[in-house]
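Coordinate inspection notes
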Amino acid sequence: MGVADPKAGSRLRTEIGLDDLVVTALLAEETRPRCTPHGEGALINLRGVNSQHGAEPEDMVSVRLWLDHEKVVTCQFRELAAVGQMAEWIEGGVGPGTPGDFVVALADKLTEGMESVVDALDTELDDLEEEQAQDRVHELRETIADMRRTIVRLRRFIAPQRDALDVLIAETFVWQTEVQERRLKEIVDRITRLVEQLDTMHHRAAILQDFIAVRVAERLNSTMVLLSIVAGVFLPLSFVTGLLGMNVAGIPMATSQSAFLVISGVLVVIGVVTFLALWKLRSQ
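Here goes a summary of the coordinates provided. (Residues numbered from 1 in each chain as written. Predicted model: local features only at pLDDT ≥ 70, side-chain atom pairs only at ≥ 80, totals over all residues. Heavy atoms only, no water.)

Details of the nonpolar core
- One finds Ile44, Leu65, Leu106, Ile158, Leu165 and Leu168 to be the most contacted residues of the largest nonpolar core, which totals 52 residues.
- Those elements giving two or more residues to this core turn out to be β2 (41-48), β3 (61-67), α3 (81-91), α4 (99-131), α5 (137-170) and α6 (178-244).
- Ranked by residues supplied to this core, first place goes to α4 with 13 residues.
- With residues near it in sequence (within four places) discarded, Ile44 still touches Arg34, Cys35, Val63, Arg64, Leu65, Leu67, Val103 and Leu168. (Core = buried A, V, L, I, M, F, W, Y, C linked by side-chain atoms within 4.5 Å. Buried < 20%, exposed > 50% of the residue type's maximum accessible area, 1.4 Å probe, protein only. Helix = DSSP H or I, 4+ residues; strand = E, 2+ residues; numbered from the N terminus. Contact = heavy atoms within 4.5 Å.)

Printed below as a string of structure tokens:
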């Protein structure tokens, strides 16, 4: 059921028979993955990767579920491929036959979608680590920053999803079997590996970003040193030319025909000596 339907609340109360607490939770706009036992049922919020064309993978879609011993109710604001596929299976007569099997199958499909996205990000990070040696600093800085934001957003929903399924496993429901609990534990283990993989990727991206920042700082320092050498070379030359350019009596060689060549030669010598001295200091 789409929660954007203006009649969704009345349908949940009258047609399905849910109480106000469950209806309010199913129609809540902002949700995080969680599992809350309520009577003989469970109110579960899960997240799935947004697989619609043009959507960002980290913009995960929330699916709200109510499960008890006889029915499953799902609500969502946006379409989610995993839920649509589950509906097709059920309509075709090959879907899960119990509420417990339904939540296991749905959690499995949602986890598969998250695994594919995380693996793609991991591969992209591997490529970025190789590209950083190809002197593409400015392009990589923005890409890595975007990747770090994506990793943080994914982890923000994936980690609580693991906790929600842990609560579902820990609680005792008459409609939940030991086989379903074992399958949920396997899914929790997969999600745990995803969380650990995201943490590792975040650290790798941070290290790569720091390394690129160091390279940028080194380039800036080299540029500043070069500018300092240029300024150091022209400082004494500017002093000499400024001194000789004063319009006062007593300037040496003011009437000599060879004064320009002599002064030019002296300036060249001073410039070369200054440059060599500063370059030697730079190399130390």
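There's more to say after this.
Some thoughts on the packing of aromatic side chains
- Taken as a whole and judged by the stated rule, the model has one aromatic pair.
- For the ring pair Phe173 and Trp175, a centre distance of 4.7 Å and an interplane angle of 20 degrees mean the geometry is stacked. There is no split in this pair, since Phe173 and Trp175 are both buried.
- Looking at Arg47, its charged tip hangs above the ring of Phe157, at a distance of 4.1 Å from the centre. (Phe/Tyr/Trp six-rings, centres within 6.5 Å; stacked < 30°, edge-to-face > 60°. Lys NZ or Arg CZ within 6 Å of the ring centre and 35° of its normal.)

Things to note about a nonpolar patch on the surface
- Among the surface-exposed residues, Val268, Val272, Phe275, Leu276 and Trp279 lie close enough to one another that they form a single nonpolar patch of about 470 Å² accessible area.
- Structurally, Leu276 is set in helix α7 (residues 259-283).
- For Leu276, a relative accessible area of 53% puts it in the exposed group. (Patch = residues over 30% accessible without salt bridge, like charges linked within 9 Å, V, L, I, M, F, W, Y side chains within 5 Å. Areas by Shrake-Rupley, 256 points an atom, 1.4 Å probe, with all protein chains shown as cover. Salt bridge = Lys/Arg side-chain N within 4 Å of Asp/Glu carboxyl O.)

Focus: the sheet that holds β2
- Judged by pairing direction, the sheet is antiparallel, and its four strands sit side by side in the order β1-β2-β3-β4 without closing on themselves. In this open sheet, the two edge strands, each paired with only one partner strand, are β1 (34-38) and β4 (72-75). On average, adjacent strands in this sheet sit at an angle of 15 degrees to one another, irrespective of strand direction.
- Seen against the sheet, α4 touches β2, β3 and β4 and runs at an angle of roughly 165 degrees to β3. (Pairing = 2+ DSSP bridges. Axes fitted to C-alpha atoms, helices over the stretch in contact; angles between N-to-C directions.)

A few points about the packing of α3 against α4
- At a minimum axis distance of 9 Å, the contact between α3 and α4 shows a crossing angle of 140 degrees. Taken together, the axes of α3 and α4 lie oblique to each other. In this structure, α3 meets α4 at a crossing whose hand is right-handed. Counted together, Ala82, Val83, Gln85, Met86, Trp89 and Ile90 of α3 and Phe102, Ala105, Leu106, Lys109 and Leu110 of α4 form the full contact between these two elements.
- In terms of residue class, the contact of α3 with α4 is built from nine nonpolar, one polar and one charged. (Parallel < 35°, antiparallel > 145°, perpendicular 65-115°, else oblique. Left-handed = near helix turned anticlockwise from the far one by under 90°. Nonpolar A, V, L, I, M, F, W, Y, C, P; charged D, E, K, R; others polar.)

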